[in-house]
Amino acid sequence: MPFLYRLAGWKCVHCGAFHNYKPVVCKRCRSREFAQIELPASGRLIAYTIVRSPPKEFAQVAPYAIGLIELDDGTRIISQLTDFREDELRDGARVEAVFRRIRVNGDQGIIEYGYKFRPALRRS
Amino acid sequence: MAGVYVAGVGFTKIAEHWDRDLEHLMAEAAIKAVEDAGVSSVNAIYVGCALSEPLQGQMNLGALMAECAGLVGAPALRMEAAEASGAAALYAGFCDVASGRSEAVLVVGGEKLSDGLSEEVSSGMMMSGRSWYEGFMGADFYALNALLYRLYSKRYGEEGIPFFPVISHEHAEGVSHAQYPFKISLDRVLESPFIADPLRMLEVSGIGDGAAAVILVNEDLARRLSSPKARIYISSATDYVNPFDREDPLRLQSVLLAVNKVLEQARASRSEISMIELHDATSILAALCLESGGFSPPGEAGKLAMKGEFSLSGRLPCNTFGGLKARGHPFGATALYQVAEIYLQLAERAGKNQLDNPRVGLTLSLSGVGAAAFASLLKKE
């Protein structure tokens with residue numbers, strides 16, 4: 001899933017809807033024409049929560065933070081938050097994507113990686 | 001479309017049933033419903049269950065149910081729509097009778113959540129979102145609800161939202177089939193620890209086991225049976241699975257569409273509805289159901305709740321036996337408990353929770369945070 005690694009996805013050429021998966025038809029207008037794009041890797045935090053009663057895949061890492069982020073192009077995505085002090089998670093705080101270990105999956109213990117967001121290091 | 005009627009209901013207490021297996025819990029509810037309706041056979045069985053594969057390692061619940069309920073031979077299939085699986089089974093059973101194919105069907109739902117650890121149940125519920133996205137990120141059901149709660153509080157304030165569990169528990173007091181048949185105060189809700197900030201432990205439904213069943217019959221058979229009947233209508237709609245892909249995450253379009261369609265089907269208006277069974281898997285979802293369904297202005301549901309509008313003696317009583325929060329929320333069974341409870345109200349069999357001459361009741365059942373919504377409407381005959 002390129003989205004989980006590079007925030008890459010498909011934008012509908014007709015209505016502009018963003019898909020974080022390769023669509024067969026556009027989820028809004030059913031068009032079949034898409035442009036591949038990469039979303040901006042920075043944005044602002046809209047809301048966050050701390051998961052304290054985790055699903056089993058995340059039992060080892062709980063508590064952890066989940067954020068709703070509005071990227072600089074207006075796309076809203078969900079991400080784990082990392083490398084923060086809780087007082088940095090203000091409404092509208094600038095955040096940026098980093099590549100991190102997400103979870104260890106299944107009996108084989110495959111380590112899965114993907115994006116997380118952290119408070120922006122530089123003011124942008 | 002031909003008329004479809006609820007002719008009988010059955011259910012178990014919601015509890016941690018360590019000594020029972022899933023199919024026998026469902027068989028108990030099914031047999032009670034068959035006896036309650038007084039039917040001698042059914043043409044088909046529809047089973048609602050969400051998590052039997054991860055929790056019990058079991059599929060093929062249709063055939064298992066037919067055997068355990070002593071109905072071997074009848075066609076039996078299982079429907080799944082995550083936490084709304086019971087409503088999905090009801091929808092299928094309704095269509096079977098309405099089409100004229102079946103005279104009587106058994107719709108039964110069950111879930112045995114206490115077979116898993118709470119982490120396993122959370123993980124199971126996370127499958128109602130996209131596994132490779134929300135699931136991969138660990139954005140489970142409670143996390144998504146918590147984010148909606150934050151957006152709601154920012155736009156409207158959170159006043160009254162934590163009061164929904166207080167109402168549900170008040171209604172569940174002394175209810176013999178409820179998992180948590182006792183009152184809780186608003187202070188206790190507010191003081192309970194966060195499960196996913198700002199969502200508190202006492203604002204979410206618990207983990208329990210239960211099964212519920214209803215018998216649906218056609219008009220001909222309804223006339224011949226002596227049990228009380230309620231005409232039933234059901235509708236459903238879907239929305240983008242991730243709530244933040246929707247134009248306004250605080251408006252559950254699936255709920256609005258399902259409610260509008262079921263009202264149109266029943267030629268009824270909102271003002272005729274005497275009571276609602278809400279999908280209060282979380283306090284914030286209870287409010288969003290009422291507001292999205294057109295039963296409260298946006299941002300007002302909590303305030304109306306504090307004023308008593310949704311209490312037993314209020315303008316629009318909700319969750320008259322405790323709802324998902326206090327009666328309990330065994331996913332595949334939940335929607336069928338809702339229908340059974342509305343039926344008991346319409347049949348004047350609701351005991352101390354009986355409303356004064358209710359005529360029309362509505363149930364709302366959601367998968368995830370409104371990816372799918374099912375609305376059923378029951379009318380007294």
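Residues numbered from 1 in each chain as written. Chains lettered and ligands numbered in written order. Predicted model: local features only at pLDDT ≥ 70, side-chain atom pairs only at ≥ 80, totals over all residues.

1. A closer look at the sheet that holds strand β2 (residues 18–19) of chain A
Residue and element names in this part refer to chain A.
Phase 1 of the analysis: Spatial ordering of the open sheet is given by β2-β1-β3, a layout of three strands whose pairing is antiparallel. At either end of the open sheet lies a strand with only one pairing partner, and these are β2 and β3 (34–38).
Phase 2 of the analysis: Examined bridge by bridge, strand β1 (residues 8–12) and β2 share two bridges and lie antiparallel to one another. Across the sheet, the residue bridging to Trp10 is His19, located in β2. (Pairing = 2+ DSSP bridges. Helix = DSSP H or I, 4+ residues; strand = E, 2+ residues; numbered from the N terminus.)

2. Side note on the interface of chain B and chain A
Phase 1 of the analysis: Contacts between chain B and chain A engage 26 residues on the former and 25 residues on the latter.
Phase 2 of the analysis: Secondary-structure elements contributing two or more residues to the side of chain B that touches chain A are α5 (118–126), α6 (131–137), α7 (141–156) and β5 (194–196) of chain B.
Phase 3 of the analysis: Residue composition of the side of chain B that touches chain A, grouped by class: 16 nonpolar, four polar and six charged. (Contact = placed C-beta atoms within 7 Å. Nonpolar A, V, L, I, M, F, W, Y, C, P; charged D, E, K, R; others polar.)

3. Quick notes on the domain arrangement of chain A
Residue and element names in this part refer to chain A.
Phase 1 of the analysis: Assigned domains of chain A: these are domain 1 (2–38) and domain 2 (42–119).
Phase 2 of the analysis: Distance from the C-alpha centre of domain 1 to the C-alpha centre of domain 2: 22 Å.
Phase 3 of the analysis: Counting residues at the interface gives four residues for domain 1, matched by four residues for domain 2.
Phase 4 of the analysis: Residues belonging to the side of domain 1 that touches domain 2 are distributed by class as follows: four nonpolar, no polar and no charged. (Domains from an automatic or database assignment.)

4. Observations concerning the packing of helix α4 (residues 85–98) of chain B against helix α15 (residues 331–346) of chain B
Helix packing geometry: the angle between the two helix axes and the distance between the axes.
All names here are of chain B.
Phase 1 of the analysis: Following both chains from N to C, one finds α4 and α15 inclined at 60 degrees, their axes separated by 5 Å at the closest point. Taken together, the axis directions place α4 and α15 in an arrangement best described as oblique. Residues Ser85, Gly86, Ala87 and Leu90 of α4 form the contact with α15, whose participating residues are Phe331, Gly332, Ala333, Thr334, Ala335, Leu336 and Val339.
Phase 2 of the analysis: Within the contact of α4 with α15, the residues separate by chemical class into seven nonpolar, four polar and no charged. (Axes fitted to C-alpha atoms, helices over the stretch in contact; angles between N-to-C directions. Parallel < 35°, antiparallel > 145°, perpendicular 65-115°, else oblique.)

5. Details of the packing of helix α1 (residues 22–37) of chain B against helix α3 (residues 61–68) of chain B
Residue and element names in this part refer to chain B.
Phase 1 of the analysis: Look at α1 against α3: their axes get within 9 Å of each other, and the N-to-C directions meet at 55 degrees. With respect to their mutual orientation, α1 and α3 come out oblique. Judged by the twist between their axes, the crossing of α1 over α3 is right-handed. Side by side, α1 and α3 meet where Glu23, His24, Met26, Ala27 and Ala30 of the first sit next to Leu61, Leu64, Met65 and Cys68 of the second.
Phase 2 of the analysis: Looking at the contact of α1 with α3 residue by residue, the class counts come to seven nonpolar, one polar and one charged. (Left-handed = near helix turned anticlockwise from the far one by under 90°.)

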